[in-house]
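Examining the three-dimensional arrangement
If you want the building blocks of each chain, they are given just below.
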Amino acid sequence: MARRARGTSAGLDRATIAIAAVGLVDRDGLERFGVRRLADELGVDPMSIYHHVKGKAALLDAVCEVVLAEVRIAPEDALENGPEDAPENGPEAGPEGWRVIARRTAHAYRDMAHRHPRVFPLLADRAQTSAPALVALERLVAAMRDAGVPEQVVADTPSVLFGFLNGHLLARTSAEVHGAAAVPDFDADTYPTLAGLVPRMADFGSGAEFDRMLDTVLTGIVPEG
């Protein structure tokens, strides 16, 4: 692609640059990503990018923001018209409503991770303080507080929940990207217990496995019942 001269605007803005950067990382991976390669992709001089994004660190933050904006909670399932179907009367209401929000957030996060497995490591490596990240956290902790969950538990929950999500999804998306074996081939003589558990690990990376582990985490945060 022919490159524009330095100082030429090329219709760039931060959002356009960030979306193009996500596409480049999706295609080529983080290892090959750089401002010069992105400039080549956009057909501009690298300085044109720096006019909108102040350095590579800020560019990576913008990439995270783009993919986190995809983590949206769907409207209430099967809502019909009428006051009885308003959100305050739906599954997100009441003392267990925070679990519904947590599960929906977790599934939306998982879906995003599998759409962008090469971008996802950035989310685990960098503090996420953009508006899309904070909106999701605010909704969760507000629901927990409304449900009367103890304040310290509410404060700990974002780290606990996303510690699980980031670790779990890094392992699953890494296997997806690199084609690694899902479950190691344990030597039965040396590791008999692990080898015996392999059939229980057959659903590695599946939705069923994710739900099972997510339930364990949520029950650990606040036991049900």
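Values in this document were obtained by computation on a predicted structure and should not be read as measured data.

A word on the packing of aromatic side chains. If you walk through the whole model with that rule in mind, you get three aromatic pairs. When the centroid spacing of 5.6 Å and the interplanar angle of 70° are considered together, the rings of Tyr 109 and Phe 120 count as edge-to-face. One end of the pair, Tyr 109, is in helix α5 (residues 97-115); the other, Phe 120, is in helix α6 (residues 120-125), and 11 residues separate them in sequence. Accessibility assignment for this pair places Tyr 109 and Phe 120 in one class, buried. Seen from their ring centres, Phe 164 and Phe 210 are 6.2 Å apart, and the 25° between their planes marks the pair as stacked. One end of the pair, Phe 164, is in helix α8 (residues 151-178); the other, Phe 210, is in helix α10 (residues 207-221), and 46 residues separate them in sequence. Here Phe 210 falls in the buried class, since its relative accessible area comes to 0%.

This paragraph deals with the packing of α8 against α10. One way to put it is that α8 packs onto α10 with a least axis distance of 10 Å and a crossing angle of 160°. Relative to α10, α8 is oriented roughly antiparallel. In this structure, α8 crosses over α10, and the sense of that crossing is right-handed. Facing Val 153, Thr 157, Val 160, Leu 161, Phe 164, Leu 165, His 168 and Arg 172 of α8, the residues of α10 in contact are Glu 209, Phe 210, Met 213, Leu 214, Val 217, Leu 218 and Ile 221. Residue classes in the contact of α8 with α10 are distributed as 11 nonpolar, two polar and two charged.

What follows deals with a nonpolar patch on the surface. There is a patch of nonpolar side chains on the surface, built from Tyr 191, Leu 194 and Leu 197 and spanning about 270 Å² of accessible area. Take Leu 197: it is sitting in helix α9 (residues 192-197).

What follows concerns the packing of α5 against α10. Taken N-terminus to C-terminus, the directions of α5 and α10 make an angle of 140°; their axes are 11 Å apart at the nearest point. On the basis of their axis angle, the class for α5 and α10 is oblique. The chirality of how α5 crosses α10 is right-handed. In this structure, α5 uses Trp 98, Arg 99, Ala 102, Arg 103, Ala 106, His 107 and Arg 110 to contact α10, whose residues at the interface are Gly 207, Phe 210, Asp 211, Leu 214, Asp 215, Leu 218, Thr 219 and Ile 221. Classifying every residue of the contact of α5 with α10 gives seven nonpolar, three polar and five charged.

Before going further, it helps to spend a moment on helix α4 (residues 56-68). Note on helix geometry: an α-helix contains 3.6 residues per turn, so any two residues three or four positions apart are oriented the same way. Taking 1.5 Å of rise per residue, the 13 residues of α4 would be expected to cover 18 Å, and the 18 Å separating its terminal C-alpha atoms lies within 8% of that figure. Within α4, burial applies to Leu 59, Leu 60, Ala 62, Val 63, Cys 64, Val 67 and Leu 68. Its buried side turned inward, α4 meets α1 (14-28), α2 (35-42), α5, α6 and α7 (131-146).

Of all residues in the protein chain, 85% attain a pLDDT of 70 or more, and the chain-wide mean is 87. Segment residues 4-8 is flagged for pLDDT under 50; beyond a separation of four residues in sequence, or across chains, it makes nine contacts in the model.

This part is about the environment of Asp 13. Locating Asp 13 in the fold gives a position in the segment before α1. Between the alpha carbons of Asp 13 and Val 53 there is a distance of 8.7 Å; along the sequence they are 40 residues apart. At 3.3 Å, the side chain of Asp 13 and the backbone nitrogen of Ala 15 are in polar contact. Of the polar contacts made by the side chain of Asp 13, one reaches the backbone nitrogen of Thr 16; its length is 2.7 Å.

Definitions and cut-offs
Residues numbered from 1 in each chain as written. Predicted model: local features only at pLDDT ≥ 70, side-chain atom pairs only at ≥ 80, totals over all residues. Heavy atoms only, no water. Phe/Tyr/Trp six-rings, centres within 6.5 Å; stacked < 30°, edge-to-face > 60°. Helix = DSSP H or I, 4+ residues; strand = E, 2+ residues; numbered from the N terminus. Buried < 20%, exposed > 50% of the residue type's maximum accessible area, 1.4 Å probe, protein only. Axes fitted to C-alpha atoms, helices over the stretch in contact; angles between N-to-C directions. Parallel < 35°, antiparallel > 145°, perpendicular 65-115°, else oblique. Left-handed = near helix turned anticlockwise from the far one by under 90°. Contact = heavy atoms within 4.5 Å. Nonpolar A, V, L, I, M, F, W, Y, C, P; charged D, E, K, R; others polar. Patch = residues over 30% accessible without salt bridge, like charges linked within 9 Å, V, L, I, M, F, W, Y side chains within 5 Å. Areas by Shrake-Rupley, 256 points an atom, 1.4 Å probe, with all protein chains shown as cover. Salt bridge = Lys/Arg side-chain N within 4 Å of Asp/Glu carboxyl O. Expected span 1.5 Å × (residues − 1). pLDDT = per-residue confidence, 0-100. Polar contact = N/O pair within 3.5 Å; in protein donor to acceptor, adjacent residues only side chain to side chain.

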